[in-house]
Amino acid sequence: MITLTRDDGYLLSTAPERLDLDLVYHWLSTDAYWAQGRDRATVERAFAGSIGFGVFRPEDGRQVAVARAVTDRATFAWLCDVYIEPAARGRGLGTWLTGAVRDHLAEFGVRRILLATRDAHGVYAKLGFDPLAQPDRWMQLDNR
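Attention here is on the structure that accompanies the text. Predicted model only: the values in this text are computed from it and were never measured.

Observations regarding the overall build of the protein chain
So, step 1. On a plain count of helices and strands, the protein chain comes out with four helices and six strands.
So, step 2. Along the protein chain, helices (α) and strands (β) appear in the sequence β-β-α-α-β-β-β-α-β-α when read from the amino end.
So, step 3. Its C-alpha atoms give the protein chain a radius of gyration of 15 Å, near enough to 15 Å, the size a compact globule of 144 residues would have.
So, step 4. Its C-alpha atoms put the protein chain at 50 × 35 × 25 Å along the principal axes.
So, step 5. A burial count over the protein chain gives 41% of its 144 residues as buried.
So, step 6. When contacts within the protein chain are restricted to residue pairs at least 6 apart in sequence, long-range pairs at least 24 apart make up 56% of them.
So, step 7. When the accessible surface of the protein chain is split by element, carbon and sulfur atoms take 50% of a total near 8600 Å².

Digging into the packing of aromatic side chains
So, step 1. All chains considered together, the criterion is met by three aromatic pairs.
So, step 2. Here Tyr33 and Trp34 contribute two aromatic rings whose centre-to-centre distance is 5.1 Å and whose plane-to-plane angle is 90°, an arrangement assigned as edge-to-face.
So, step 3. Residue Tyr33 is classed as partly exposed on the basis of its relative accessible area, which comes to 32%.
So, step 4. You can call Trp34 partly exposed: its relative accessible area is 32%.
So, step 5. Between Tyr124 and Phe129, the aromatic rings sit 5.9 Å apart at their centres with planes inclined by 75°, giving edge-to-face as the arrangement.
So, step 6. Under the relative-accessibility criterion, Phe129 is labelled buried at 17%.
So, step 7. Lying across the ring of Trp96, Arg6 places its NZ or CZ 5.5 Å from the centre.
So, step 8. The ring of Tyr33 has Arg118 sitting right over it, with the charged end atom 3.8 Å from the ring centre.

Let's talk about the environment of Asp119
So, step 1. Secondary-structure assignment places Asp119 in the loop between strand E6 (112-114) and helix H4 (121-125).
So, step 2. Each C-alpha atom of the pair Asp119 and Val101 lies 19 Å from the other, and the pair is 18 residues apart in sequence.

Comments concerning the pairing of strand E5 (residues 76-84)
So, step 1. Burial analysis of E5 places seven of its nine residues in the buried class, which makes it a mostly covered element.
So, step 2. With six bridges connecting them, strand E4 (residues 63-71) and E5 associate as antiparallel partners. Bridging from a neighbouring strand, Val66 pairs with Tyr83 of E5.
So, step 3. As consecutive antiparallel partners, E4 and E5 are separated by four residues, and within that stretch Arg73 has a phi angle of approximately 60°, a positive value.

Rules behind the numbers
Along each chain, the written sequence defines residue order, and numbers are assigned to residues from 1. Side-chain atom pairs in this predicted model are given and counted only at pLDDT of 80 or more, local residue features only at pLDDT of at least 70, and totals for whole chains, interfaces and linings cover all residues. Remark: hydrogens and water are excluded; side-chain values derive from all non-hydrogen atoms of the structure. Each helix is a run of DSSP H or I of at least 4 residues and each strand a run of E of at least 2, with the numbering of both proceeding from the N terminus. Only C-alpha atoms enter the radius of gyration; for comparison, a globular chain is expected to reach 2.2 Å times N to the power 0.38, where N is the number of residues. Burial classes: relative accessible area under 20% of the type maximum marks a residue as buried, over 50% as exposed, and values in between as partly exposed (1.4 Å probe, protein chains only). Note on definitions: a residue-residue contact is assigned when non-hydrogen atoms from the two residues lie within 4.5 Å. Computed by Shrake-Rupley with a 1.4 Å probe, the accessible areas treat only the displayed protein chains as cover when residues are assessed. Geometry of aromatic contacts follows a simple scheme: Phe, Tyr and Trp rings, the Trp one being its six-membered ring, pair when their centres are within 6.5 Å, and the pair is stacked under 30 degrees between planes, edge-to-face over 60, tilted otherwise. For a Lys NZ or an Arg CZ to count as sitting over a ring, it must be within 6 Å of the ring centre and within 35 degrees of the ring normal. At least two bridges found by DSSP between two strands is the condition for calling them paired.

Here it is as structure tokens:
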């Protein structure tokens with residue numbers, strides 16, 4: 001587990017007991033375009049099988065952001081469910097959170113992290129993420 005604190009007091013933690021899954025469920029199921037309608041049990045199973053990252057505000061410790069890494073902790077990870085609550089956006093929390101995920105996964109030796117985004121390419125590009133160089137090699141099975 002990791003705990004990091006920014007100069008302005010925001011705290012990042014991977015401690016599962018710190019995640020407010022009620023709040024995360026609300027964010028994902030009602031506001032995140034990729035997860036709208038996701039049920040609570042699915043959110044719980046997804047976080048139980050992943051590394052969850054929470055960001056907490058300095059004033060009261062309330063959670064304001066989340067991310068999840070699905071990984072074998074050796075070679076590969078999928079970064080997903082990155083969400084910053086609207087009132088906390090514009091403070092660089094998404095960049096900080098994503099950088100912390102990237103750096104934490106690097107400690108395991110993970111060399112490839114994939115993600116999908118509709119609208120945050122600039123945030124991820126600042127941290128070294130690029131469009132797939134060989135999209136003709138990648139395939140998917142999408143049963144949504």
